[in-house]
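Summary of structural features
Here is what each chain is made of, one letter per residue.
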Amino acid sequence: METLFYLMTVGAIYAVLYSIYHLFFRNNTNFQANRIYLLAILPFAFLLPFINSTVEVGAQYQVTLPVFEIGSIATQTTAFNWSNAFIYFYIAVSSLLLIRLFTNLFKTILTISTIKNGKNNNIQPFSFFAFIHIPTDIETADRLAIIHHEKVHSTQLHSLDIMIYEISKILLWWNPLLWMGLNAVKSNHEFIADKLASAKADK
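Basis of the calculations
Residues numbered from 1 in each chain as written. Predicted model: local features only at pLDDT ≥ 70, side-chain atom pairs only at ≥ 80, totals over all residues. Heavy atoms only, no water. Helix = DSSP H or I, 4+ residues; strand = E, 2+ residues; numbered from the N terminus. Buried < 20%, exposed > 50% of the residue type's maximum accessible area, 1.4 Å probe, protein only. Contact = heavy atoms within 4.5 Å. Areas by Shrake-Rupley, 256 points an atom, 1.4 Å probe, with all protein chains shown as cover. Phe/Tyr/Trp six-rings, centres within 6.5 Å; stacked < 30°, edge-to-face > 60°. Axes fitted to C-alpha atoms, helices over the stretch in contact; angles between N-to-C directions. Left-handed = near helix turned anticlockwise from the far one by under 90°. Nonpolar A, V, L, I, M, F, W, Y, C, P; charged D, E, K, R; others polar. Salt bridge = Lys/Arg side-chain N within 4 Å of Asp/Glu carboxyl O.

Okay, the overall build of the protein chain next. Check the secondary structure of the protein chain and you find six helices and two strands. Burial statistics for the protein chain: of 203 residues in total, 31% are counted as buried. Within the protein chain, contacts between residues separated by at least 24 positions form 66% of all contacts whose residues are at least 6 apart in sequence. Surface accessibility of the protein chain: about 14,300 Å² in total, with carbon and sulfur atoms responsible for 64%.

This part covers the packing of aromatic side chains. Counting across every chain of the model gives twelve aromatic pairs. Judged by centre distance (5.0 Å) and plane angle (25 degrees), the rings of Phe31 and Phe191 are stacked. Linking Phe31 in helix H2 (residues 31–47) with Phe191 in helix H6 (residues 176–202), this pair joins segments that are 160 residues apart in sequence. A centroid spacing of 5.2 Å and a plane angle of 55 degrees characterise the contact between Tyr90 and Trp173, whose relative ring orientation is tilted. In this pair, Tyr90 is assigned in helix H3 (residues 82–116) and Trp173 in the loop between helix H5 (158–171) and H6, connecting sequence segments 83 residues apart.

Before going further, it helps to spend a moment on unusual backbone geometry. One non-glycine residue, Phe129, lies in the positive phi region at around 55 degrees. Following the sequence through the fold, Phe129 ends up in the loop between strand E1 (126–128) and strand E2 (131–133). Take Phe129: its relative accessible area is 28%, and that puts it in the partly exposed class. You will see that Leu157, though not glycine, has its phi angle at about 55 degrees, which is positive. Within the element layout of this structure, Leu157 appears in the loop between helix H4 (140–155) and H5. Under the relative-accessibility criterion, Leu157 is labelled partly exposed at 38%.

Turning our attention to the environment of Asn120. Relative to the helices and strands, Asn120 resides in the loop between H3 and E1. A sequence separation of 15 residues divides Asn120 from Pro135, and the C-alpha atoms of the two residues are 8.8 Å apart. Excluding residues that lie within four positions of it along the chain, Asn120 makes contacts with Thr114, Ile115 and His133.

A few words now on the packing of H2 against H5. Put simply, H2 and H5 touch, their axes get as near as 11 Å, and they point 35 degrees apart. Considering the relative orientation of H2 and H5, their crossing is left-handed. Where H2 abuts H5, its residues Arg35, Leu38, Leu39, Ile41, Leu42 and Phe46 lie against His158, Asp161, Ile164, Tyr165, Ser168 and Leu171. Per-class residue counts for the contact of H2 with H5 are eight nonpolar, two polar and two charged.

Moving on, we come to the pattern of salt bridges. Applying the stated criterion to the full structure yields two salt bridges. Put simply, Arg35 and Asp161 hold a salt bridge, and the shortest N to O gap is 2.6 Å. Here Arg35, found in helix H2, pairs with Asp161, found in helix H5; they are 126 residues apart in sequence, far enough to count as distant. Here Glu166 makes a salt bridge to Lys169, at a shortest N to O gap of 3.1 Å. Of this pair, Glu166 and Lys169 both sit in helix H5, three residues apart, which is roughly one turn of that helix. When sorted by exposure, Glu166 lands in the same class as Lys169, which is buried.

Put into structure tokens, the structure is as follows:
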């Protein structure tokens, strides 16, 4: 239960920090600053509970309570353990999300492999870390703009940002603000890529 309490605390801290972003900074056009903030609040939320404030008490008091001996009474009660049920449910959902993440990664790697082998060239443009795919049937002018756009995603490691959030989502799946945060990260990536690609095209 201590681990679950820790994760609940992390989720609460993240919820506060993301709410600050959503209320005050989401319309900020400094997209790189938005990216840094959205990334920084995750490790901060995970680390903050470990920072314990200790209060020293000058005097120690010991209280001795009277001891009462009561004859042993054998009682047997069978009650449903809600704590264990919640733990099993939490682990089950996290496991399903972990399996889904690995499945999506496998599909992405398989898609990249087939593209490199000369197949599936008509898949929509995308980038995954250093890999960039642009379909061959796109017009030359549009193709150059898309290449610039995807290169921004690749060189700035936007895939890493998403992976960090996806892994955190496995642990904090119950927090809707984390799912909103992931969507905000993806949207912010597009703003960054559009801005930098447009600036490069204007040169």
